[in-house]
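Observations on the three-dimensional arrangement
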Amino acid sequence: DNDSLGGRHQYKLPSGEGGEQSSRFEGVSRAEPTDAARFSVSEAVGWLPNEGPSEDAGSQVSTIDQDEEGAQDAPVPTSRLSKILLADDNADMRSYLSSILKRKSNWVVKVVTDGQEAWEAICSDLPDLVLSDVMMPRMSGFELVDKIRQDRSVAHLPVVLLSARSGDAAKALGMESGADDYLVKPFNARELLARVSVHLELGRLRTHLMNQVVIATHDLRTSEELYRTLATHSPVGILQTDPAGVIVYHNE
(Lines give C-alpha, C1' and ligand atoms only; values in the text may rest on other atoms or scores of the structure.)
Protein backbone atom coordinates (compact mmCIF):
# COMPACT_ATOMS: atom_id res chain seq x y z
CA ASP A 1 0.00 0.00 0.00
CA ASN A 2 1.07 3.58 -0.64
CA ASP A 3 -0.49 6.57 1.22
CA SER A 4 2.22 9.11 0.35
CA LEU A 5 0.03 11.12 -2.05
CA GLY A 6 -3.18 11.14 0.04
CA GLY A 7 -4.72 8.16 -1.73
CA ARG A 8 -4.48 4.50 -1.13
CA HIS A 9 -3.02 2.28 -3.81
CA GLN A 10 -2.56 -1.45 -3.77
CA TYR A 11 0.06 -3.38 -5.72
CA LYS A 12 0.05 -7.14 -6.12
CA LEU A 13 2.98 -9.30 -7.16
CA PRO A 14 2.39 -12.73 -8.73
CA SER A 15 3.00 -15.62 -6.36
CA GLY A 16 5.29 -18.46 -7.20
CA GLU A 17 4.93 -22.10 -6.31
CA GLY A 18 4.43 -22.89 -2.66
CA GLY A 19 2.95 -19.46 -1.93
CA GLU A 20 6.37 -17.71 -2.15
CA GLN A 21 6.60 -14.44 -4.02
CA SER A 22 8.85 -14.43 -7.04
CA SER A 23 10.43 -11.51 -8.84
CA ARG A 24 12.07 -11.06 -12.15
CA PHE A 25 14.88 -9.30 -10.25
CA GLU A 26 15.60 -12.18 -7.92
CA GLY A 27 19.32 -12.92 -7.73
CA VAL A 28 20.32 -9.61 -9.31
CA SER A 29 22.75 -7.69 -7.08
CA ARG A 30 23.40 -3.97 -7.11
CA ALA A 31 26.49 -3.13 -9.18
CA GLU A 32 29.33 -1.61 -7.17
CA PRO A 33 31.49 1.15 -8.63
CA THR A 34 34.90 -0.06 -9.74
CA ASP A 35 38.19 1.00 -8.15
CA ALA A 36 39.03 2.94 -11.29
CA ALA A 37 35.76 4.86 -11.10
CA ARG A 38 36.19 5.71 -7.43
CA PHE A 39 39.77 6.78 -8.02
CA SER A 40 38.94 8.99 -11.01
CA VAL A 41 36.13 10.70 -9.12
CA SER A 42 38.28 11.33 -6.08
CA GLU A 43 41.06 12.87 -8.15
CA ALA A 44 38.64 15.03 -10.12
CA VAL A 45 37.08 16.30 -6.87
CA GLY A 46 40.54 17.40 -5.79
CA TRP A 47 40.75 19.71 -8.80
CA LEU A 48 37.68 21.71 -7.73
CA PRO A 49 38.45 25.23 -6.44
CA ASN A 50 37.53 24.69 -2.79
CA GLU A 51 39.44 25.25 0.43
CA GLY A 52 40.86 21.77 0.64
CA PRO A 53 40.23 18.08 0.01
CA SER A 54 36.57 17.17 0.41
CA GLU A 55 35.38 14.74 3.04
CA ASP A 56 33.54 12.77 0.37
CA ALA A 57 36.65 12.42 -1.77
CA GLY A 58 38.64 11.25 1.22
CA SER A 59 36.06 8.59 2.03
CA GLN A 60 36.09 7.39 -1.55
CA VAL A 61 39.84 6.97 -1.85
CA SER A 62 40.03 5.30 1.54
CA THR A 63 37.66 2.54 0.46
CA ILE A 64 39.83 1.41 -2.43
CA ASP A 65 41.53 -1.95 -1.84
CA GLN A 66 40.12 -2.37 1.66
CA ASP A 67 40.93 -6.05 1.45
CA GLU A 68 44.59 -5.13 1.74
CA GLU A 69 44.26 -2.85 4.76
CA GLY A 70 45.12 -5.63 7.20
CA ALA A 71 48.19 -6.74 5.29
CA GLN A 72 50.69 -4.97 7.53
CA ASP A 73 54.28 -6.16 7.71
CA ALA A 74 55.92 -7.03 11.02
CA PRO A 75 58.20 -4.36 12.58
CA VAL A 76 61.74 -4.40 11.20
CA PRO A 77 65.08 -3.03 12.45
CA THR A 78 65.78 0.63 11.69
CA SER A 79 68.82 -0.38 9.64
CA ARG A 80 66.52 -2.02 7.09
CA LEU A 81 64.11 0.89 6.66
CA SER A 82 63.59 2.27 3.16
CA LYS A 83 62.99 6.00 2.70
CA ILE A 84 60.50 6.96 -0.01
CA LEU A 85 60.01 10.53 -1.18
CA LEU A 86 56.48 11.16 -2.51
CA ALA A 87 55.85 14.27 -4.63
CA ASP A 88 52.34 15.22 -5.78
CA ASP A 89 50.49 18.55 -5.81
CA ASN A 90 47.05 16.96 -5.30
CA ALA A 91 46.17 16.65 -1.60
CA ASP A 92 43.80 13.69 -2.04
CA MET A 93 46.33 11.85 -4.17
CA ARG A 94 49.11 12.44 -1.65
CA SER A 95 46.91 11.09 1.13
CA TYR A 96 45.88 8.06 -0.91
CA LEU A 97 49.40 7.17 -2.06
CA SER A 98 50.85 7.71 1.39
CA SER A 99 48.24 5.43 2.97
CA ILE A 100 49.16 2.68 0.50
CA LEU A 101 52.92 3.01 0.95
CA LYS A 102 52.66 3.05 4.74
CA ARG A 103 51.16 -0.43 4.68
CA LYS A 104 54.78 -1.56 4.50
CA SER A 105 56.16 -1.24 8.01
CA ASN A 106 59.74 -0.90 6.76
CA TRP A 107 58.94 2.03 4.46
CA VAL A 108 59.26 5.58 5.75
CA VAL A 109 57.31 8.02 3.56
CA LYS A 110 58.10 11.72 3.26
CA VAL A 111 55.54 13.85 1.38
CA VAL A 112 56.18 17.05 -0.63
CA THR A 113 53.89 19.10 -2.89
CA ASP A 114 55.99 19.72 -6.02
CA GLY A 115 59.24 18.99 -7.84
CA GLN A 116 61.13 21.88 -6.29
CA GLU A 117 60.36 20.70 -2.76
CA ALA A 118 61.31 17.18 -3.83
CA TRP A 119 64.72 18.34 -5.06
CA GLU A 120 65.38 20.25 -1.85
CA ALA A 121 64.39 17.16 0.17
CA ILE A 122 66.74 14.98 -1.91
CA CYS A 123 69.65 17.34 -1.26
CA SER A 124 69.00 17.46 2.49
CA ASP A 125 68.23 13.79 3.13
CA LEU A 126 68.80 11.31 0.30
CA PRO A 127 65.86 8.89 -0.04
CA ASP A 128 66.02 5.35 -1.39
CA LEU A 129 63.35 6.03 -4.05
CA VAL A 130 61.37 8.95 -5.49
CA LEU A 131 57.70 8.52 -6.42
CA SER A 132 56.61 11.61 -8.34
CA ASP A 133 53.64 12.93 -10.26
CA VAL A 134 54.43 14.29 -13.73
CA MET A 135 52.31 17.46 -13.79
CA MET A 136 53.27 19.70 -10.85
CA PRO A 137 53.83 23.45 -10.36
CA ARG A 138 57.31 25.04 -10.16
CA MET A 139 59.09 21.84 -11.25
CA SER A 140 57.44 18.97 -13.13
CA GLY A 141 58.24 15.30 -12.69
CA PHE A 142 60.21 15.28 -15.96
CA GLU A 143 62.28 18.26 -14.82
CA LEU A 144 62.93 16.60 -11.50
CA VAL A 145 64.18 13.43 -13.18
CA ASP A 146 66.46 15.46 -15.44
CA LYS A 147 67.91 17.33 -12.46
CA ILE A 148 68.53 14.08 -10.59
CA ARG A 149 70.26 12.39 -13.52
CA GLN A 150 72.55 15.37 -14.12
CA ASP A 151 73.88 15.32 -10.55
CA ARG A 152 76.41 12.49 -10.21
CA SER A 153 75.97 12.30 -6.44
CA VAL A 154 72.28 11.32 -6.76
CA ALA A 155 72.07 10.08 -10.36
CA HIS A 156 71.67 6.47 -9.19
CA LEU A 157 68.43 7.29 -7.34
CA PRO A 158 65.42 5.20 -8.55
CA VAL A 159 62.53 7.36 -9.80
CA VAL A 160 58.98 6.17 -10.53
CA LEU A 161 56.71 8.64 -12.35
CA LEU A 162 52.90 8.79 -12.01
CA SER A 163 50.70 10.25 -14.73
CA ALA A 164 47.11 10.29 -15.96
CA ARG A 165 48.40 10.17 -19.54
CA SER A 166 48.14 6.65 -20.92
CA GLY A 167 49.23 5.10 -24.19
CA ASP A 168 52.54 3.90 -25.61
CA ALA A 169 53.70 7.40 -26.56
CA ALA A 170 53.22 8.74 -23.02
CA LYS A 171 54.96 5.72 -21.49
CA ALA A 172 57.85 6.04 -23.94
CA LEU A 173 58.22 9.72 -23.09
CA GLY A 174 58.29 8.88 -19.39
CA MET A 175 60.99 6.24 -19.81
CA GLU A 176 63.03 8.42 -22.19
CA SER A 177 63.08 11.14 -19.54
CA GLY A 178 65.33 8.92 -17.45
CA ALA A 179 62.72 7.53 -15.06
CA ASP A 180 63.03 3.92 -13.94
CA ASP A 181 59.30 3.29 -14.29
CA TYR A 182 56.08 4.98 -15.44
CA LEU A 183 52.77 4.18 -13.79
CA VAL A 184 49.45 5.30 -15.31
CA LYS A 185 46.56 6.51 -13.13
CA PRO A 186 44.28 5.02 -12.00
CA PHE A 187 46.27 2.04 -10.80
CA ASN A 188 45.85 -0.88 -8.44
CA ALA A 189 47.41 -0.67 -4.98
CA ARG A 190 49.05 -4.07 -5.35
CA GLU A 191 50.69 -2.96 -8.59
CA LEU A 192 52.05 0.20 -6.98
CA LEU A 193 53.48 -1.71 -4.01
CA ALA A 194 55.00 -4.35 -6.28
CA ARG A 195 56.70 -1.84 -8.56
CA VAL A 196 58.05 0.25 -5.69
CA SER A 197 59.36 -2.92 -4.02
CA VAL A 198 61.14 -3.99 -7.20
CA HIS A 199 62.80 -0.61 -7.74
CA LEU A 200 63.84 -0.36 -4.10
CA GLU A 201 65.59 -3.70 -4.45
CA LEU A 202 67.17 -2.72 -7.78
CA GLY A 203 68.29 0.54 -6.20
CA ARG A 204 69.96 -1.36 -3.35
CA LEU A 205 71.74 -3.63 -5.83
CA ARG A 206 72.83 -0.60 -7.86
CA THR A 207 74.21 1.10 -4.76
CA HIS A 208 75.98 -2.10 -3.70
CA LEU A 209 77.63 -2.44 -7.13
CA MET A 210 78.68 1.20 -7.08
CA ASN A 211 80.28 0.71 -3.67
CA GLN A 212 82.05 -2.41 -4.93
CA VAL A 213 83.43 -0.46 -7.88
CA VAL A 214 84.69 2.28 -5.56
CA ILE A 215 86.38 -0.29 -3.30
CA ALA A 216 87.90 -2.15 -6.25
CA THR A 217 89.16 1.10 -7.79
CA HIS A 218 90.74 2.13 -4.50
CA ASP A 219 92.41 -1.28 -4.12
CA LEU A 220 93.72 -1.10 -7.69
CA ARG A 221 95.21 2.35 -7.16
CA THR A 222 96.81 1.25 -3.90
CA SER A 223 98.31 -1.79 -5.61
CA GLU A 224 99.58 0.38 -8.48
CA GLU A 225 101.23 2.83 -6.08
CA LEU A 226 102.87 -0.04 -4.18
CA TYR A 227 104.16 -1.56 -7.42
CA ARG A 228 105.67 1.73 -8.58
CA THR A 229 107.28 2.31 -5.20
CA LEU A 230 108.94 -1.13 -5.29
CA ALA A 231 109.96 -0.69 -8.92
CA THR A 232 111.49 2.72 -8.27
CA HIS A 233 113.75 1.33 -5.55
CA SER A 234 114.58 -1.87 -7.40
CA PRO A 235 118.33 -2.33 -8.19
CA VAL A 236 117.45 -3.66 -11.68
CA GLY A 237 115.73 -1.99 -14.61
CA ILE A 238 112.02 -2.66 -15.01
CA LEU A 239 109.99 -1.95 -18.13
CA GLN A 240 106.26 -2.14 -18.68
CA THR A 241 104.81 -2.20 -22.18
CA ASP A 242 101.34 -2.17 -23.67
CA PRO A 243 100.05 -4.93 -26.03
CA ALA A 244 101.59 -3.07 -28.98
CA GLY A 245 105.05 -3.17 -27.38
CA VAL A 246 105.18 0.53 -26.51
CA ILE A 247 106.92 1.27 -23.23
CA VAL A 248 104.43 2.78 -20.81
CA TYR A 249 106.60 2.67 -17.67
CA HIS A 250 110.23 2.23 -16.68
CA ASN A 251 111.97 2.77 -13.40
CA GLU A 252 114.83 5.24 -12.99
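Residues numbered from 1 in each chain as written. Predicted model: local features only at pLDDT ≥ 70, side-chain atom pairs only at ≥ 80, totals over all residues. Heavy atoms only, no water.

1. Remarks on a nonpolar patch on the surface
Where nonpolar side chains cluster on the molecular surface, the patch consists of Val198, Leu202 and Leu205 and spans about 250 Å² of accessible area. Note that Val198 resides in helix α7 (residues 189-232). By relative accessible area, which is 45% here, Val198 ends up partly exposed. (Patch = residues over 30% accessible without salt bridge, like charges linked within 9 Å, V, L, I, M, F, W, Y side chains within 5 Å. Areas by Shrake-Rupley, 256 points an atom, 1.4 Å probe, with all protein chains shown as cover. Salt bridge = Lys/Arg side-chain N within 4 Å of Asp/Glu carboxyl O. Helix = DSSP H or I, 4+ residues; strand = E, 2+ residues; numbered from the N terminus. Buried < 20%, exposed > 50% of the residue type's maximum accessible area, 1.4 Å probe, protein only.)

2. Description of the confidence of the model for the protein chain
Summary statistics for the protein chain give a mean pLDDT of 74 and a share of 68% for residues scoring 70 or more. Within the protein chain, strand β1 (residues 82-87) carries the highest mean pLDDT (96), whereas helix α2 (residues 55-62) carries the lowest (38). Scored below 50 in pLDDT, residues 21-31 shows six contacts in the model against residues more than four places distant or in partner chains. Below pLDDT 50 for its whole length, residues 74-79 participates in four contacts with residues either more than four positions away or in separate chains. (pLDDT = per-residue confidence, 0-100. Contact = heavy atoms within 4.5 Å.)

3. Topic: the pairing of β1
The buried count for β1 comes to five of six residues, which makes it a mostly enclosed element. Examined bridge by bridge, β1 and strand β2 (residues 107-112) share six bridges and lie parallel to one another. Each bridged residue has a counterpart across the sheet, and for Lys83 the counterpart in β2 is Val108. Read from β1 through helix α3 (residues 91-101) to β2, the crossover connection turns out right-handed. Sheet analysis places β1 next to strand β3 (residues 129-133), joined by four bridges and oriented parallel. By the bridge assignment for β3, Leu86 is matched with Leu131. (Pairing = 2+ DSSP bridges. Right-handed = clockwise from strand over helix to strand, strands pointing away.)

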